[in-house]
Amino acid sequence: MCGIIGYLGYREAYPIIINGLKKLEYRGYDSSGIAIFYDGGYNLYKTIGSVYELEKKISYNIKIDEKKGTTGIGHTRWATHGIPNDINAHPHVSNSNELILIHNGIIENYHAIKIFLSKKGFIFNSKTDTEVLVNLIEYIKNENQLSLEEAVRISLNEIIGAYSIAIVEKSHPERIVIAKLGSPLALGINDKEFFIASDPIPFLNYTRNVLDLKDGEMAILKRNHELDLRKITNNHKLSPSIRELHINLKQIEKGGYKYFMLKEIHEQPKTIFDTLRGRLSNELICIEGIESNIDRFINAKSITIVACGTSWHASLIGEYLLEDFAKVPVEVEYASEFRYRNPIIEEQDIVIVISQSGETADTIAALKLAKAKGAFVFGICNVVGSFLARNVDAGMYTHAGPEIGVASTKSFTAQITVLFLLALKIGKQRSKITHDRYKLLCKELGSIPEKVRITLKIDNIIDTISRNYHNVENFIYLGRGINFPVALEGALKLKEISYIHAEGYPAAEMKHGPIALIDEKMPVVIIATQNSVYEKIIGNIQEIKARKGKIIAIVNKGDFQVSMLADHIIEIPTISEELSPLLTVLPLQLLAYKLAYIRGKNVDQPRNLAKSVTVE
Ligand code: M6R
């Protein structure tokens, strides 16, 4: 998955493209490149590394004049085909040097096309599928004497896979052709300019008028401001539907924090409040997507939740809540596994798909499979207008605001909040939860934003712990019941940003193998809040102590028993067990952040990762 950007207008394209790429780096940052077009030619710059490296390379080596031009395209890469290096970086150029292409996605049948084109004499410099596509377009264009747009259209009909592309012809820099299938592509439009990007954020300073290209659509953009929208399969002309985007620019800036991740952790009192806004009032839970499908939820025989990564951890918490409050059997599946087996889904079943981005390839494939099997598909998603949001039968937005840090934080707590609302609502409608319990939990849910704010004031203890353990190679995270998925999430956070190996386990499962790892060097983070398994957790702590492991315990304020045993304690406010994941995860997020920070890692852009995984 990658970020793509393009500009066609009257301003200099270079600063728009380079600054836009910086905002798209959450999609990939192992290499990047741009092409700036002038009449009759273009300049191409590519490099391994981040957009910062690209900018550095350009400002050292390139004359100002070379950067001038009012048409430009740019790309920031997360490698799929071919290692990250200068040659595999985009844009890719066709053999005749006439066509220049950027691409986000994956061409599944590229190998067969490459063999075909090689036999026709085409030479390939890179290992990418994109270079195959740009040469296929050139071949079809020249063989059939076609316009660029028609050659693109016919070529795309030969392609199996996913793409969003932008292509420019060297001799016609007054035109950009764009197309989309599977991967996202937004087109920003104002009086005299076109902006293209994988999401609208890079061009928000210039325009709020956005056309979201749909799958199977392409557009021909011209400098005279002509916009020609077409269907890729049959070339039918389409009428563009433009929406106005309402987004506060402050939401996508760092606001004084060193990293987006830290800012997003500290935003959680507000984001959870926003998730609840208009949905919880006293004891009333009002959710549009459920009200209008209430019979489906009342009669559901079973619910399957599919997701990936952090969203999968939130799903596990959803399983506890839905089974507890609504007494409906729930299965949680990795989207990547669900899509490749033949799951038994019956008509009265509900499939819930959860994704922050709404564009994770495996989750989207699972969504399509569930629909094909006749399930009612309910979506939980953060990105408004994403593929997931547009293709489910009903759903709820998490309203966490843009999440830029690759490590998910605020989207996790927003997802749990939505699942909590959902489970309470269905439980009430199915008469499976007593009125008193329902009432109490609604009240406590309303108090969560303030409790989150209090919980986050633990800088000192997080600092001390991080300084003690930043050199270790392994961590273990333990939790039980509804806090077992939180242990998994804590371990994931640590792994992905600090590169310290970490494992999450249900605490009692320790005895069945992992306990062999415990020695005096092993820090064990254990969620030991007061709940139905508190005494059992104390037993687990004793077992670790007996083997000299170091205990970092998350406890309720005023806890005595665990505090006597632990090496370090992190206190959180008291809350019902069912809501506790919303608080217990916060120290784990902060701990992962701090350890990564002390180890000098780029917290927002961990190696090998990208914000949305749009390849399977
Ligand atoms: O956008 P999604 O929620 O579908 O993304 C799924 C995972 O890729 C994601 O949760 C990933 O595990 C997190 N960024 C990890 O912090």
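Residues numbered from 1 in each chain as written. Predicted model: local features only at pLDDT ≥ 70, side-chain atom pairs only at ≥ 80, totals over all residues. Heavy atoms only, no water.

Draft legend 1. Expanded view of the overall build of the protein. Within the protein one finds 20 helices and 27 strands. Over its C-alpha atoms the protein spans a radius of gyration of 26 Å, differing by no more than 12% from the 25 Å that the globule rule assigns to 616 residues. Projected onto the principal axes, the alpha-carbon positions of the protein cover approximately 80 × 55 × 45 Å. Relative to its full complement of 616 residues, the protein shows a buried share of 60%. Put simply, of all contacts in the protein between residues at least 6 apart along the chain, 70% involve residues at least 24 apart. Accessible surface for the protein amounts to roughly 24100 Å². Of this, 50% is attributable to carbon and sulfur atoms. (Helix = DSSP H or I, 4+ residues; strand = E, 2+ residues; numbered from the N terminus. Rg over C-alpha atoms; globule rule 2.2 N^0.38 Å. Buried < 20%, exposed > 50% of the residue type's maximum accessible area, 1.4 Å probe, protein only. Contact = heavy atoms within 4.5 Å. Areas by Shrake-Rupley, 256 points an atom, 1.4 Å probe, with all protein chains shown as cover.)

Draft legend 2. Up close: the domain arrangement of the protein. Looking at the assigned domains, one finds that the protein contains domain 1 (3–246), domain 2 (257–450) and domain 3 (457–601). Computed from C-alpha atoms alone, the centre-to-centre distance between domain 1 and domain 2 is 35 Å. Across the contact, six residues belong to domain 1 and five residues belong to domain 2. Summed over both partners, the interface of domain 1 with domain 2 buries about 590 Å², with 54% contributed by carbon and sulfur atoms. Run the count over domain 1 and domain 2 and you get zero salt bridges. Between domain 1 and domain 2 we count zero residue pairs in polar contact (both at pLDDT 80 or more) in total. (Domains from an automatic or database assignment. Buried area = accessible area lost by both parts, 1.4 Å probe. Salt bridge = Lys/Arg side-chain N within 4 Å of Asp/Glu carboxyl O. Polar contact = N/O pair within 3.5 Å; in protein donor to acceptor, adjacent residues only side chain to side chain.)

Draft legend 3. Focus on unusual backbone geometry. A cis amide bond links His90 to the next residue, Pro91, at an omega of 0°. Mapping Pro91 onto the fold places it in the loop between β4 (71–77) and β5 (92–93). Unlike most non-glycine residues, Asn97 shows phi in positive territory, near 70°. On the basis of relative accessibility, which here comes to 33%, the residue Asn97 falls in the partly exposed class. In this model, Ser431 sits at a positive phi of 55°, which is unusual for a non-glycine residue. Residue placement: Ser431 occurs in the loop between α14 (410–429) and α15 (435–455).

Draft legend 4. Local environment of the side chain of Ser315. Take Ser315: it is sitting in helix α10 (residues 309–326). Ser315 gets classed as buried once you look at its relative accessible area, which sits at 0%. Other than its neighbours up to four places away in sequence, Ser315 contacts Ile305, Ala307, Val332, Ile354 and Leu419.

Draft legend 5. Looking closely at the environment of Ile137. Secondary-structure assignment places Ile137 in helix α4 (residues 129–144). Sequence separation between Ile137 and Asn61 is 76 residues; the distance between their C-alpha atoms is 32 Å. Other than its neighbours up to four places away in sequence, Ile137 contacts Leu99, Leu148, Ala151, Val152, Ser155 and Ile167.

Draft legend 6. The arrangement of the sheet that holds strand β24 (residues 501–506) in detail. Taken in spatial order, the five strands of this open sheet run β24-β23-β25-β26-β27, and their pairing is parallel. The open sheet has two edge strands with one neighbour each: β24 and β27 (568–572). Strand after strand, the sheet turns through a mean of 20° between neighbouring axes, direction not considered. Alignment of strand β26 (residues 550–556) against β27, held across five bridges, turns out to be parallel. Across the sheet, the residue bridging to Asn556 is Ile572, located in β27. Contacts from helix α16 (residues 459–469) reach β23 (474–479), β25 (523–527), β26 and β27 within the one sheet, and its direction differs from that of β27 by about 150°. (Pairing = 2+ DSSP bridges. Axes fitted to C-alpha atoms, helices over the stretch in contact; angles between N-to-C directions.)

Draft legend 7. Region of the structure containing helix α17 (residues 484–498). With 15 residues, α17 ought to run about 21 Å at 1.5 Å a step, and its terminal C-alpha atoms sit 21 Å apart, in line with that. Of all the 15 residues making up α17, twelve are buried; the element is thus mostly covered by neighbouring parts of the structure. Regarding α17, the residues found buried are Pro485, Val486, Ala487, Leu488, Glu489, Gly490, Ala491, Lys493, Leu494, Glu496, Ile497 and Ser498. Of the residues trailing α17, Tyr499 is marked for its positive phi of about 65°. (Expected span 1.5 Å × (residues − 1).)

Draft legend 8. Fine view of the pairing of strand β19 (residues 330–334). Pairing geometry for strand β18 (residues 303–307) and β19, over five bridges, is parallel. Each residue of the ladder has a partner; that of Ile303, found in β19, is Val330. Between the parallel pair β18 and β19, the chain is carried across by α10, and the sense of this crossover is right-handed. (Right-handed = clockwise from strand over helix to strand, strands pointing away.)

Draft legend 9. Structural view of the sheet that holds strand β11 (residues 209–212). One open sheet holds the eight strands; their spatial order is β3-β2-β4-β1-β10-β9-β11-β15, and the pairing between them is antiparallel. In this open sheet, the two edge strands, each paired with only one partner strand, are β3 (41–48) and β15 (243–244). Relative to β4, strand β2 (residues 31–38) is paired through seven bridges, and the arrangement is antiparallel. What sits directly across from Ile36, in β4, is Gly72.

Draft legend 10. Representation of helix α18 (residues 534–546). Here α18 spans 19 Å end to end across 13 residues, near enough to the 18 Å set by a 1.5 Å rise per residue. Its buried side turned inward, α18 meets β23, β25, β26 and α19 (561–565). With its phi angle positive at about 70°, Lys548 sits one or two positions after the end of α18.

Draft legend 11. Structural context of the site of the ligand. In the neighbourhood of the ligand, 13 residues make up the surrounding shell, with Ser311, Ser355, Ser357, Thr360 and Glu496 lying closest. Separating an oxygen atom of the ligand from a backbone N or O atom of Thr310 is a distance of 3.0 Å. Between Ser357 and the ligand, the recorded distance is 2.6 Å, taken from a side-chain N or O atom to an oxygen atom. Protein chains shield 92% of the accessible area of the ligand, which is 410 Å² for the free molecule. Elements that contribute at least two residues to the shell around the ligand include exactly α10 and α17. Top element by residues in the shell around the ligand is α10. It accounts for three residues. (Near = heavy atom within 4 Å.)

Draft legend 12. Summary view of the packing of aromatic side chains. One pass over the full model with this rule turns up 14 aromatic pairs. For the pair Phe37 and Tyr42, a centre-to-centre distance of 5.7 Å together with 40° between the ring planes defines the contact as tilted. Each member of the pair Phe37 and Tyr42 is classed as buried. Summarising the aromatic geometry, the rings of Phe297 and Phe378 are spaced 5.4 Å apart at their centres and angled 90° between planes, so their arrangement reads as edge-to-face. Linking Phe297 in helix α9 (residues 294–299) with Phe378 in strand β21 (residues 376–381), this pair joins segments that are 81 residues apart in sequence. With respect to class, Phe297 is no different from Phe378; both count as buried. (Phe/Tyr/Trp six-rings, centres within 6.5 Å; stacked < 30°, edge-to-face > 60°.)

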